[in-house]
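Coordinate analysis (summary)
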Amino acid sequence: MTSDEILEVAEDFAQDAHLFSEMLRGGGPVRLVRLPPRGLPCYLVTGFAEARALLADPRLRKNSQRIRELFEAKLPPEAQMSGFGQDLSQHMLNSDQPDHTRLRKLVNKAFTARTVARLRPRVEEITAELLDGLAGSERADLVASFAAPLPITVICELLGVREEDRTEFAGWSKTLLSAAARPEEMQAAAASMFGYLTGLIAQKRAEPAEDLLSDLVHASDDGDSLSEPELVSMAFLLLVAGHETTVNLIANGVLALLREPEQLARLRAEPELLPGAVEEFLRFDGPIHLATLRFTAEPVEVGGVTIPAGEFVLVSLLGANRDAERYPEPDKLDITRAAGGHLAFGHGIHYCVGAPLARLEAEIALGGLLERFPEIALDGKPDELVYRQSSLVHGLEVLPVRFG
């Protein structure tokens, strides 16, 4: 592949992300593309082996300052974002070693499988309350009424966010992750998010509580090198990533089952298959499309392509998980498949710290929903569903269902 062989990507590629990835993979596991909405040139990876290797390759970096410099070099002035999001970018997902280890160790204990298991009774309680709210309804948007409020409630309780602030926070998050939002809307959402989190951290410093955010503030005050900008950025990352992934995991999983009645019937008959089914939902139609941006610190050869130094790289987690070289019949949902090893939560040092919590919430949510509503069905045609206009998250705007 030469430097002038660049594929222009359509604005609506997120509406059929799997077809988009299949088309790219047909031309090789690594393709040079130009992504909307600002025309960013980058190398897009859709092959499983290549994706897994690059996600753990130390030659690919995530330093936010260097990424801003590359943006300025590769995009014309009218496509720049004028420093957008800098105040929220100094978190572990945008850090390389050794800063990444220093930042991540502060939150690791809160998301271990053992620690997360202690949250099971509260997740079950919230799930039951939401399902009670749906009882008696003929129809509902399952995203707004169930898939979204469950993980938002859990992560906000874990971090210590007031209940009355959660709806506004969720709105800012949705704007920041939307490729369709105007620059001024994103700037306003980022400023509001930054102001809110700065105030929340000040409150936790003055009046510590038994929550994760208070623990992070306390750790920084006890001599850890976590700075005030890092605190705000870490709170932003945990709150946004802590609910966005699970919202889409739940909704995408429900949709997958509603489109495959035989798989749904088997899961109802054998609920012990649920943990493995969650892994298949993650592989089959995961909650994240393109992993966050990386750049090459030196030339990297992968998939028959040499990526020069200083180039952006995006890994399609959806595309990699549907690579037939790794998973036979990848477009087929099979809740008994050995789906382990998928890349839905990433790979390497940036593997999702909240994966145990997302799995727990999805298992409880899906199990509760199927038990409570045995006649649940899709209320409309699958091809009329609209996906969020985002290159990062892969999720539905709404999921209309009827309850029989």
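Quick notes on the rules
- Residues numbered from 1 in each chain as written.
- Predicted model: local features only at pLDDT ≥ 70, side-chain atom pairs only at ≥ 80, totals over all residues.
- Heavy atoms only, no water.
- Pairing = 2+ DSSP bridges.
- Helix = DSSP H or I, 4+ residues; strand = E, 2+ residues; numbered from the N terminus.
- Salt bridge = Lys/Arg side-chain N within 4 Å of Asp/Glu carboxyl O.
- Core = buried A, V, L, I, M, F, W, Y, C linked by side-chain atoms within 4.5 Å.
- Buried < 20%, exposed > 50% of the residue type's maximum accessible area, 1.4 Å probe, protein only.
- Contact = heavy atoms within 4.5 Å.

What to know about the sheet that holds strand S11 (residues 400-402)
With respect to topology, 3 strands assemble into an open sheet ordered S5-S11-S10, the strand pairing being antiparallel. A strand with exactly one partner marks an edge of an open sheet, and here the two such strands are strand S5 (139-141) and strand S10 (377-378). Judged from the 3 bridges that link them, S5 and S11 form a sheet pairing that is antiparallel. Within S11, the residue paired with Asp141 across the bridge is Pro400.

Digging into the pattern of salt bridges
Applying the stated criterion across every chain, the model contains 26 salt bridges. Between Arg139 and Asp379 there is a salt bridge, and its shortest N-O distance comes to 2.9 Å. Placement of Arg139 in strand S5 and of Asp379 in the loop between S10 and S11 is noted, with a sequence separation of 240 residues between them. A single network of salt bridges, built from pairs that share partners, joins Glu138, Arg139, Asp379 and Arg402.

Things to note about the nonpolar core
Residues Phe111, Leu142, Phe281 and Leu399 are the most contacted members of the largest nonpolar core, which totals 115 residues. The greatest single-element share of this core, amounting to 18 residues, is contributed by helix H12 (residues 228-258). Each residue touching Phe111, except ones within four places of it in the same chain, is listed here: Val116, Ile155, Leu158, Leu212, Leu238, Val353, Gly354, Pro356 and Leu357. Ranked by size, the runner-up nonpolar core spans 17 residues in total, among them Val9, Phe13, Leu75 and Phe295.

Some remarks on unusual backbone geometry
Residue Pro36 is joined to Pro37 through a cis peptide bond whose omega torsion reads 5°. Looking at where Pro37 falls in the secondary structure, it is placed in the loop between strand S2 (30-35) and strand S3 (40-45). Pro98 follows Gln97 through a cis peptide bond whose omega is 5°. Relative to the elements of secondary structure, Pro98 occurs in the loop between helix H3 (64-74) and helix H4 (99-108). The backbone phi angle of Glu329 is positive, close to 45°, even though this residue is not glycine. Judged by its relative accessible area of 56%, Glu329 falls in the exposed class.

Notes on the pairing of strand S9 (residues 312-315)
Burial along S9 is two-sided: Phe312 and Leu314 and Val313 and Val315, pointing in opposite directions, are all buried. Inspection of the sheet shows S3 paired to S9 by 3 bridges, in the parallel sense. Directly across from Leu44, in S9, lies its bridge partner Leu314. In terms of strand pairing, strand S6 (residues 294-296) meets S9 through 2 bridges, oriented antiparallel. Of the residues in S9, the one forming a bridge with Phe295 is Phe312.

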